[in-house]
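Next come the chains, spelled out residue by residue.
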Amino acid sequence: MARAWEKDQVHPVDEVPRPTRLVAFGLQHVLAMYAGAVAVPLIVGGALGLSPAELAYLITADLLICGVATLVQCVGWWRFGARLPIMQGCTFAAVTPMVLIGQDGGLPAIYGSVIVCGIAIMLLAPVFGRLLRFFPPLVTGTVILIIGLSLLPVAGNWAAGGAGAEDFGDPRHLGLAGGVLAVTLLLQRFGPGLLGRVAVLGGIAVGMAAAVPLGHTDFSGVGETDWLGVSTPFHFGAPEFQLAAIVSMLVVALVTMTETTGDLIAVGELTDRRPDPRRLADGLRADGLSTVLGGVFNTFPYTAYAQNVGLVALTRVRSRWVVAAAGAMLVVLGLLPKLGAVVAAIPAPVLGGAGLVMFGTVAASGLRTLAGVDFGGERGGHALTVVAVPVAVGLLPVGVPGVYEGFPHWFQTIMDSGISAGCLTAIVLNLLFLHGRQRRPAEALPPTGTAPDPVPGTAPGTAPTPPPDDAATAPRGPAA
């Protein structure tokens with residue numbers, strides 16, 4: 001049966017909702033990623049001892065480029081942008097290397113390495129685009145599951161008051177987060193039409209209304225913030241290109257490309273537009289361009305934000321123009337610091353309540369993809385291993401922070417990111433156990449008229465799928 005968008009020639013990803021829906025859905029995406037977006041400049045700037053005014057400058061510059069990067073990724077320009085509903089933000093994988101670089105060479109050394117990192121991503125994008133053949137449903141489902149599980153501790157920290165808070169774990173924080181979660185679920189279940197689709201936004205709004213009388217919010221910084229602020233190129237000085245800093249940041253480039261690949265595939269599964277090699281390369285190339293802009297406009301490397309993948313799964317709103325609207329809002333926040341200060345006043349427990357349902361939805365989406373994989377048959381145990389070990393490796397740094405402290409910094413950069421560690425492990429184990437081994441030699445085939453044993457990824461009683469290097473791993477969805 002032909003899908004509706006095949007008849008109408010308009011894919012849900014390309015649909016443009018009404019303006020009111022664009023604003024409501026887009027604002028949800030901004031609120032879902034805002035805390036993570038501003039965390040990177042706060043951590044790096046704080047570690048380098050920047051003044052409050054300089055920290056504020058870093059944040060506004062970050063929000064501005066977050067918006068530009070999101071617009072490039074969603075709307076697309078030439079061979080830049082996957083044209084999928086993907087939000088962009090500063091990657092946490094670069095925090096530790098940048099702090100170390102900044103302590104030796106200051107912000108100019110950081111920005112020099114960031115610019116080279118972005119150029120490297122653009123050059124390597126076509127190479128990563130050819131790796132889709134190594135992402136069958138067994139691997140993609142595992143990666144999506146790891147993304148969701150890795151994000152849940154973030155939501156937990158928010159719900160408890162925010163990591164490092166003096167009253168961390170206060171029952172009032174958890175109660176507020178639980179209330180936001182309850183309102184979100186009730187709106188999603190019983191809210192009519194648009195209200196059900198903006199359940200996360202509704203939960204955050206109710207949480208904010210409750211947080212004000214409880215004293216959980218602080219708007220004092222809003223009045224002290226300027227109305228207009230424009231980030232100028234190389235505000236902190238001309239970039240410096242130091243070899244050690246560049247090598248460290250190139251490792252970050254490989255990590256962010258791996259994470260973005262997983263996020264693009266996850267969004268592709270959720271929107272029924274699985275990226276082909278060209279679309280994946282275009283998405284990674286947009287990451288590289290945004291990272292170069294980050295180095296020029298006083299901010300940091302950019303990547304796809306997994307938390308917004310969860311929002312796409314939860315709301316079932318697949319339009320890339322919704323996320324593009326969110327990108328436009330970030331641009332406005334980057335140019336109007338006072339509005340950014342209002343959004344920043346949202347307390348962590350409110351975001352935590354919304355994050356629990358969003359990030360859990362990402363993990364559930366991974367399980368849904370894995371549900372189509374056959375774990376029976378002669379190689380079912382191998383398929384189970386390809387899921388089990390990457391999940392364990394991916395959650396190890398999440399459950400045991402600092403487990404890799406005794407290793408070199410480049411190793412920590414890769415393995416401290418549960419998403420990249422789990423993704424790389426899943427690819428390697430799939431190659432070792434299953435890739436290229438699903439097709440048996442002609443002499444081993446059963447006699448005519450008998451059904452062969454099912455292979456992982458097919459239902460019992462059906463013909464086996466081609467090997468992963470043929471049609472079984474050919475990208476689904478229209479060409480870019």
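Each value, and the rule that gives it
Numbering of residues begins from 1 in every chain and follows the order in which that chain's sequence is written. Under the rules for a predicted model, residues below a pLDDT of 70 receive no local features and side-chain atom pairs below 80 are neither given nor counted, while totals for whole chains, interfaces and linings still include all residues. To get the side-chain values, take all heavy atoms of the structure and skip hydrogens and water. The secondary structure listing takes helices from DSSP runs of H or I that are at least 4 residues long and strands from runs of E that are at least 2 residues long, numbered from the N terminus. We call a residue buried when its accessible area falls under 20% of the maximum for its residue type, exposed when it is over 50%, and partly exposed in between, using a 1.4 Å probe and counting protein chains only. Using the Shrake-Rupley algorithm and a 1.4 Å probe, accessible areas are obtained, with residue cover drawn only from the displayed protein chains. A fitted line through C-alpha atoms serves as each axis, taken over the contacting stretch for helices, and the angle formed by two N-to-C directions is quoted from 0 to 180°. Any angle that falls under 35 degrees is termed roughly parallel, while one over 145 is termed roughly antiparallel, one within 65 to 115 roughly perpendicular, and all others oblique. Note on convention: the crossing is left-handed when the near helix lies turned anticlockwise from the far helix by less than a right angle, right-handed when the turn is clockwise. Contacts are assigned to residue pairs that have any heavy atoms within 4.5 Å of one another. For this scheme, ten residues count as nonpolar: Ala, Val, Leu, Ile, Met, Phe, Trp, Tyr, Cys and Pro. Four count as charged, namely Asp, Glu, Lys and Arg, and the remainder, Gly too, count as polar. Every residue is assigned a pLDDT by the predictor, reflecting its confidence on a scale from 0 to 100. Any carboxyl oxygen of Asp or Glu within 4 Å of a side-chain nitrogen of Lys or Arg constitutes a salt bridge here. Here the nonpolar core consists of buried residues drawn from Ala, Val, Leu, Ile, Met, Phe, Trp, Tyr and Cys, with membership extended through side-chain atoms lying within 4.5 Å. The span one expects for a helix is its residue count, reduced by one, times 1.5 Å. Centre distance within 6.5 Å is the pairing criterion for rings of Phe, Tyr and Trp, where only the six-membered ring of Trp is used; planes under 30 degrees apart are then read as stacked, over 60 as edge-to-face, and the remainder as tilted. Without a salt bridge and with relative accessible area above 30%, a residue can belong to a patch; like charges are then joined within 9 Å and nonpolar side chains (Val, Leu, Ile, Met, Phe, Trp, Tyr) within 5 Å.

Caption draft 1: Local environment of the overall build of the protein. Helix and strand content of the protein: 18 helices and two strands. Relative to its full complement of 480 residues, the protein shows a buried share of 55%. Element-wise, carbon and sulfur atoms account for 66% of the exposed surface of the protein, whose accessible area totals about 19500 Å².

Caption draft 2: Layout of the packing of helix α6 (residues 171–190) against helix α15 (residues 348–370). Between α6 and α15, the least distance of the axes is 7 Å, while the angle of their chain directions is 45 degrees. Classified by the angle their axes make, α6 and α15 are oblique. For the pair α6 and α15, the sense of crossing is right-handed. Two secondary-structure elements touch here, α6 through H173, L176, A177, V180, L181, T184 and L185 and α15 through P349, V350, G353, A354, L356 and V357. Classifying every residue of the contact of α6 with α15 gives 10 nonpolar, three polar and no charged.

Caption draft 3: Examining the confidence of the model for the protein more closely. Summarising the model, the protein shows a mean pLDDT of 78, and 84% of its residues fall at 70 or more. Note that pLDDT drops below 50 for residues 438–480; the model gives that stretch 70 contacts with residues more than four away or on any other chain.

Caption draft 4: Up close: the pattern of salt bridges. Per the stated rule, a full pass over the model turns up six salt bridges. For D14, the salt bridge is made with R320, and the minimal N-O distance between the two is 2.9 Å. Placement of D14 in the loop between α1 (4–8) and α2 (19–47) and of R320 in helix α13 (residues 320–335) is noted, with a sequence separation of 306 residues between them. In this structure, D282 engages R79 in a salt bridge whose closest nitrogen and oxygen atoms are separated by 2.9 Å.

Caption draft 5: Representation of the nonpolar core within the structure. By size, the foremost hydrophobic cluster in this structure holds 106 residues, and its most contacted members are M98, I110 and F300. With 13 residues, the single largest contributor to this core is helix α4 (residues 95–129). Setting aside anything within four residues of it in sequence, one finds F300 in contact with V40, P41, V44, L58, C90, M98, I110, Y111, V114 and G294.

Caption draft 6: Region of the structure containing the environment of V251. For V251, the location among the structural elements is in helix α10 (residues 243–271). In the structure, V251 is positioned 154 residues away from P97 in sequence and 9.5 Å away in space, judged by C-alpha atoms. Residues contacting V251, with those up to four places away along its chain left out, are W410, T413 and I414.

Caption draft 7: Region of the structure containing the side chain of H173. Along the chain, H173 turns up in helix α6. Setting aside its immediate chain neighbours within four residues, H173 contacts A159, A160, G161, D167, H216 and P349.

Caption draft 8: Structural view of the environment of V183. Relative to the helices and strands, V183 resides in helix α6. Each C-alpha atom of the pair V183 and V206 lies 7.7 Å from the other, and the pair is 23 residues apart in sequence. Non-local contacts of V183, meaning those with residues more than four positions away in its chain, are made with G202, G203 and V206.

Caption draft 9: Geometry of helix α11 (residues 277–296). Over its 20 residues, α11 runs 29 Å from end to end, which matches the ideal 28 Å to within 8%, given 1.5 Å per residue. Backbone geometry just after α11 places N298 at a positive phi near 65 degrees.

Caption draft 10: Spatial organisation of helix α12 (residues 306–315). Across the 10 residues that make up α12, a large majority, 10, are buried. Regarding α12, the residues found buried are A306, Q307, N308, V309, G310, L311, V312, A313, L314 and T315. Note on α12: the residue one or two positions beyond its end, R316, has a positive phi of about 60 degrees.

Caption draft 11: Representation of the packing of aromatic side chains. Tallied over the full model, the rule gives eight aromatic pairs. Summarising the aromatic geometry, the rings of W77 and F80 are spaced 5.3 Å apart at their centres and angled 20 degrees between planes, so their arrangement reads as stacked. Using a relative accessible area of 54% as the deciding quantity, one classes W77 as exposed. Owing to a relative accessible area of 8%, F80 belongs among the buried residues under this scheme. Between W78 and F80, the ring centres sit 6.1 Å apart and the planes meet at 45 degrees, which makes this aromatic pair tilted. Owing to a relative accessible area of 63%, W78 belongs among the exposed residues under this scheme. These aromatic residues form a ring-pair network of at least three members: W77, W78 and F80.

Caption draft 12: Region of interest: a nonpolar patch on the surface. On the surface, a cluster of nonpolar side chains totalling about 230 Å² of accessible area is made up of L124, V127 and L254. Within the secondary structure, L254 sits in helix α10.

Caption draft 13: Quick look at the environment of I427. The topology assignment puts I427 in helix α18 (residues 418–433). By relative accessible area, I427 is classed as buried at 16%. Sequence separation between I427 and F135 is 292 residues; the distance between their C-alpha atoms is 7.2 Å. Those residues in contact with I427 that sit more than four places away from it in its chain are F134, F135 and V139.

Caption draft 14: Up close: the packing of α10 against α18. At a closest axis distance of 9 Å, the pairing of α10 and α18 adopts a crossing angle of 75 degrees. It follows from the interaxial angle that α10 and α18 lie roughly perpendicular. Counted together, V255, T258 and E259 of α10 and I419, S420, C423 and L424 of α18 form the full contact between these two elements.

Caption draft 15: Summary view of unusual backbone geometry. At R83, a position not held by glycine, the phi torsion is positive, near 55 degrees. On the secondary structure map, R83 appears in the loop between α3 (52–75) and β1 (88–90). Here R83 falls in the partly exposed class, since its relative accessible area comes to 22%. Although it is not a glycine, F234 sits at a positive phi angle of roughly 55 degrees. With respect to the helices, strands and loops of the structure, F234 is situated in the loop between α9 (220–223) and α10. By relative accessible area, which is 34% here, F234 ends up partly exposed.

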